[in-house]
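# Remarks on the overall topology
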Amino acid sequence: MIDIDQLKRGLCLGLIVLLHLLSTQAESLAEKGKLSVKTSTQTDWTEPHNRVKRGWVWNQFFVLEEYTGLEPLYVGKLHSDMDKGDGSIKYILSGEGAGTMFTIDDNTGDIHAIQRLDREEKAQYILRAQALHRQTGKPLEPESEFIVKIQDINDNEPKFLDGPYTASVPEMSVIGTSVMQLTATDADDPTYGNSARVVYSILQGQPYFSVEPRTGIIRVSLPNMDREAKEHYEVIIQAKDMGGQLGGLAGTTTVNVTLEDVNDNPPRFAQKLYQMSVPESAPVGSIVGRVQAKDLDEGINAEMRYAIIDGDGRDTFDISTDPTNQFGIISIRKKLDFESKRSFTLKVEGANTYLDPRFLNRGPFSDVTIIHVSVEDVDEPPQFDSPHYFVEVPEDVEIGTVFQTVSAKDPDVANNTVRYSIERKSDPGRYFYIDITSGALMTARPLDREELSWHNITVLAMEMNNPTQIGSVSVTIKVLDVNDNPPELAKYYEAFVCENAKAGQLIQTVTAVDLDDPLGGQHFYYSLAPEAANNPNFTLRDNQDNTAWILTRRGGFTQKEQSIYHLPIFITDGDQPMQSSTSTLTIRVCSCDSDGNVMSCTAEAYTLPVSLSRGALIAILACIFVLLVMILLILSLRSQRKKPYLSDEEENVHENIVRYDDEGGGEEDTEAFDIAAMWNPREVHLGKIRQDMLPEIESLSRYVPQTCMGDSNVHGYVLAKLYEADADPCAPPYDSLQTYAYEGEGSVAESLSSLQSVTSNTDHEYDYLSDWGPRFKKLAEMYGVMEANNPLW
């Protein structure tokens, strides 16, 4: 069988040789017609008007690339007319590739290629030839330059230099939509033959895509390709030279084509009805749940917008879109109440935010679902009928007076019973009391606007069945002013009057202050006290502007006669009920200069008798001093001497006197003192605890029951009596004051006697007395402890 490719190559080679011969003959004929012939005997070829014929010079030679024969490839022949064939001419070859790529026979001038030539590496070589006399080495011909061109053969296949490729095209594209253009490169000579003429074809990817044979443009060949059905495609493209004819070389590449998403699918909810629940205690803004209308598209084509379009809960709930624009988040808009409404219905719509006009016929691009929200019951704390209470109470209101009633109830269906109390931190002074069942607020202590004009207390309401559920409300109490404070002088005044003062002279201006704050403002009235109404020395003038002047009624005051005067001033206010007070003004008699400036307000000492000299007076004073020192020394020595105890036989004391040196055992000890102390009181030492006397009769106070509280209508009476007992300044806090409430041996109070404190040299802390209630209030006040918080009961 004849190899067509080899046959073609042979024909091409023969054609090249033929063209080479024709070119050589044409050049030879042209040169014969242009140049004159010079005989071989002429040696001076450089003489003017004569040129040597160079028949051996060629413009160029042609040789096929990729020669694979065993013998060197014949390229051409150099020959000079001066060569007679006797071997006297030597041919020399120089230039690109001379000696390495090309050789020349120096006798015959034949040129051969000794290595394999590749046009893609080097397309031509520039060589120089010269004819020399073999014996003398002198050139017989000028050096000539010629070119050896490498003739191309189809030995390189087309290549895709940037493959593999990736491309994308929108889904649902019409037939003929361009995907991308490919270009294959062929290293063969594009100007010679068809070796570099490339034709494209598709090997894989039909029937979805096609390629244009000459341009390499890939196009869509199947309509309505759906990304949701298939997104990625692998397309294989082939490029073949020789115009795609048989025998051409080919190269392939891969193109990965991805379909781009378009909004051609409407959203759809997975369910037509959703069930959700939320506790009624959930705060506003809490998330109830979320829904999603699924869209087969992606990116911007799948973004959603949600809205509540109908339902009885559209005012109670909100819906918003999450940051991914995929889900609808349902949240609480208003406070929920299980007792008022237990369920809500919402009609929710989900719609695409971006629409493609080309696919509107596939719509509508929205969907609707129903959401049923159930409200769960939660045990809530009691709620007051008002968010805040404001009360005005006169400061002279009686203890136990009800001034406000608060009301709270359990909002749950169970409607449990509520009990009231006052948060003690809000009422540290224990000024108020609340009835535990009715919520009636009443006073437990006298109110004093001048001490505390505002009270802010917190009332608590607790469920009986669940003490952890506690509601609270703030009660603001404004104490109204009552005229219960008399006016007094603004400060302690100490006036002076000069000895040379005249009648009617102003010596002092006084003003008054009143702790009360009447609505019409303060207005004071001044006068002398009734007992000083006819005072012969001074008088008072009321200026009717809340000030008064003190004037002299006479002149001629002297320090020897009287150095200090006390003037009682009577002050009343203008409010009802009228309050008054008497203050004393101290007036000193002073010696003054002629301008009225005080010089001295001290009485002068009497003049010493003339007969008593100063030295005698000093001697008398020294004697008195020595006498005092001796008396003090004797007393000191006697106090340090230890006296013997008196026996019962030496002294029998029958006075009914008890020394309170003995602490006793408190209320538990019925024997308050040792009877032996009456016979010999000196044996009782301060600080000594009696251990020799034991009670003969056990105290019965521990078996005395506590007094029970009566009905609620006696609260005011008991509170008033309690405060009266606490405020009684005459109640003695001694051990002899018996209380009929068992205290016992383990009482933290121990002994409350103030007499034992003198036996200790250390400072005691009595702050704990403030924690024992109103019964020990007087003790706390006596030992400098600040008033404690008094409990109601």
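Residues numbered from 1 in each chain as written. Predicted model: local features only at pLDDT ≥ 70, side-chain atom pairs only at ≥ 80, totals over all residues. Heavy atoms only, no water.

### So, the side chain of Asp241
The condition is simple: In this description a helix means any DSSP run of H or I spanning at least four residues, a strand means any run of E spanning at least two, and both kinds are numbered starting from the N terminus. Type-normalised accessible area, obtained with a 1.4 Å probe on protein chains alone, sets the label of each residue: buried when under 20%, exposed when over 50%, and partly exposed for intermediate values. Asp and Glu count as negative and Lys and Arg as positive, but His and the ends of the chain are not part of the count. Take a side-chain nitrogen of Lys or Arg and a carboxyl oxygen of Asp or Glu: if they are within 4 Å of each other, that pair is a salt bridge. Polar contact is the term for a pair of N or O atoms within 3.5 Å; when the atoms are in protein, one must be able to donate a hydrogen and the other to accept it, and sequence-neighboring residues count only if both atoms are side-chain atoms. Should any heavy atoms of two residues lie within 4.5 Å, those residues are considered in contact.
Along the polypeptide, Asp241 turns up in the loop between strand E13 (232–240) and strand E14 (250–260). The side chain of Asp241 is buried and forms no salt bridge, while Lys240, the nearest opposite charge, is found at 7.3 Å. A distance of 2.4 Å separates a polar atom in the side chain of Asp241 from the backbone nitrogen of Leu249. Ignoring any residue separated from it by four or fewer positions in sequence, one finds Asp241 in contact with Asn154, Asn156, Glu157, Pro158, Asp186, Asp188, Asn194, Ser195, Arg197, Val198, Gly248 and Leu249.

### Some details on the state of the cysteines
Linking two cysteines covalently through their sulfur atoms gives a disulfide. What counts, and what does not: Note on terminology: pairs of cysteine sulfur atoms within 2.5 Å are recorded as disulfides.
Under the defined criterion, the tally for this structure stands at 2 disulfides. Disulfide partner of Cys498: Cys592, at an S-S distance of 2.0 Å. Torsion about the S-S bond of the Cys498 and Cys592 cystine: about -85°, corresponding to left-handed handedness. One end of the pair, Cys498, is in strand E33 (residues 494–498); the other, Cys592, is in strand E39 (residues 580–592), and 94 residues separate them in sequence. This pair shows no difference in class: Cys498 is buried, exactly as Cys592 is. Within the chain, bonded cysteines paired by disulfides and numbered along the sequence follow the pattern 1-3, 2-4.

### Details of the pairing of strand E22 (residues 366–376)
Here is the rule: Only when DSSP finds a minimum of two bridges between them are two strands counted as paired.
Burial of E22 is one-sided: the residues Asp367, Thr369, Ile371, Val373 and Val375 facing one way are buried, the residues Ser366, Val368, Ile370, His372, Ser374 and Glu376 facing the other way are not. Sheet analysis places strand E16 (residues 273–279) next to E22, joined by 7 bridges and oriented parallel. Each bridged residue has a counterpart across the sheet, and for Val278 the counterpart in E22 is Val375. Of the pairings in the sheet, the one linking strand E21 (residues 343–352) to E22 comprises 9 bridges and is antiparallel in character. Along E22, the bridge assignment pairs Leu346 with Ile371.

### Looking at the sheet that holds strand E4 (residues 102–104)
Defined as follows: Lines fitted to C-alpha atoms define the axes, with helix axes restricted to the stretch in contact, and inter-axis angles between N-to-C directions lie between 0 and 180 degrees.
Taken in spatial order, the 3 strands of this open sheet run E2-E5-E4, and their pairing is antiparallel. Bordering the open sheet on either side are strand E2 (73–77) and E4, each of which pairs with just one other strand. Strand-to-strand twist of the sheet, defined as the mean angle between neighbouring strand axes without regard to direction, takes the value 25°. Two elements, E2 and strand E5 (residues 110–113), share 4 bridges in a ladder whose sense is antiparallel. By the bridge assignment for E5, Leu73 is matched with Ala113.

### Considerations on a nonpolar patch on the surface
Spelled out, the test is: Like-charged residues are merged into a patch within 9 Å and nonpolar side chains (Val, Leu, Ile, Met, Phe, Trp, Tyr) within 5 Å, provided each residue has over 30% relative accessible area and no salt bridge. The Shrake-Rupley method, run with a 1.4 Å probe sphere, supplies the accessible areas, and residue values consider only the shown protein chains as cover.
A contiguous nonpolar patch, built from Ile620, Leu621, Ile624, Leu627, Leu628, Ile631, Leu632 and Leu635 and spanning about 780 Å² of accessible area, is present on the exposed surface. The topology assignment puts Leu627 in helix H2 (residues 614–640).

### Some remarks on the sheet that holds strand E37 (residues 547–552)
Read across the sheet, 4 strands follow the order E32-E34-E37-E36 without closing on themselves; strand pairing throughout is antiparallel. Each edge of the open sheet carries a strand with a single partner, namely strand E32 (488–489) and strand E36 (538–542). Direction of pairing for E36 relative to E37: antiparallel, over a ladder of 5 bridges. Pairing of Leu540 across the sheet is with Ile550, part of E37.

### Describing the confidence of the model for the chain
Threshold: pLDDT expresses, on a scale from 0 to 100, how confident the predictor is about each individual residue.
Taken as a whole, the chain shows an average pLDDT of 77; of its residues, 75% reach a score of 70 or greater. Taken element by element, the predicted model of the chain shows its lowest mean pLDDT in helix H3 (residues 676–679) (46) and its highest in E16 (95). Within the model, pLDDT remains below 50 along residues 668–712, and this stretch shows 53 contacts once partners closer than five positions in the same chain are excluded.

### Topic: the pattern of salt bridges
On inspection of all chains with the given rule, the structure shows 17 salt bridges. A salt bridge links Glu298 to Arg227, with the shortest nitrogen-to-oxygen separation between them at 3.7 Å. In this pair, Glu298 sits in the loop between strand E17 (287–294) and strand E18 (304–310) while Arg227 sits in the loop between strand E12 (217–220) and E13, placing the two residues 71 residues apart along the sequence. Exposure remark for Arg227: the relative accessible area of 8% places this residue in the buried category.

### Brief notes about the environment of Tyr565
In this structure, Tyr565 sits in strand E38 (residues 564–573). A relative accessible area of 7% places Tyr565 in the buried class. Filtering out sequence-adjacent residues up to four positions away, Tyr565 remains in contact with Asn537, Phe538, Arg554, Phe557, Leu585, Thr586, Ile587 and Val589. For Tyr565, the side chain forms a polar contact with the side chain of Arg554, separated by 3.4 Å.

### A closer look at the side chain of Glu171
Counting through the fold element by element, Glu171 comes out in the loop between strand E8 (165–170) and strand E9 (178–181). Of the buried charged residues, Glu171 lacks a salt bridge, with Arg227 as the closest side chain of opposite charge at 4.2 Å. A polar atom in the side chain of Glu171 sits 2.6 Å from the backbone nitrogen of Arg227. Looking at Glu171, its side chain comes within polar contact range of the main-chain nitrogen of Val262, at 3.0 Å. Each residue touching Glu171, except ones within four places of it in the same chain, is listed here: Met225, Asp226, Arg227, Glu228, Leu259, Glu260, Asp261, Val262, Asp264 and Asp297.

### Re the environment of Gly289
Following the sequence through the fold, Gly289 ends up in strand E17. The exposure class of Gly289 is buried, given its relative accessible area of 16%. For the pair Gly289 and Val373, spaced 84 residues apart in sequence, the C-alpha to C-alpha distance is 9.5 Å. The residues contacting Gly289, other than those within four sequence positions of it, are Met276, Gly328, Ile329 and Ile330.

### With respect to the packing of aromatic side chains
Rules: In this scheme Phe, Tyr and Trp rings, the latter by its six-membered ring, pair at centre separations within 6.5 Å, and the angle between planes marks the pair as stacked below 30 degrees, edge-to-face above 60, and tilted otherwise. Look at NZ for Lys and CZ for Arg. If either is within 6 Å of the ring centre and within 35 degrees of the ring normal, a charge sits over the ring.
What the rule picks out here adds up to 13 aromatic pairs. Ring plane angle 75° and centroid distance 5.2 Å describe the contact between Phe102 and Tyr125, whose orientation is recorded as edge-to-face. Here the residue Phe102 occupies a position in strand E4, and Tyr125 occupies one in strand E6 (residues 124–133), the gap between them amounting to 23 residues. According to the relative accessible area criterion, Phe102 is buried, its value standing at 0%. Through successive ring pairs, a cluster of aromatic residues spans Tyr208, Phe209 and Tyr233. Residue placement shows Lys122 over the ring face of Tyr125; its charged tip is 5.5 Å from the ring centre. One residue, Arg554, lies across the ring of Phe557, its end atom 4.1 Å from the ring centre.

### Structural notes on unusual backbone geometry
Pro164 follows Gly163 through a cis peptide bond whose omega is -5°. Along the chain, Gln206 connects to Pro207 via a cis peptide bond; the corresponding omega equals 0°. On the secondary structure map, Pro207 appears in the loop between strand E10 (199–204) and strand E11 (209–211). Positive phi, close to 60°, is recorded for Gln544, a residue that is not glycine. For Gln544, the position within the fold is in the loop between E36 and E37.

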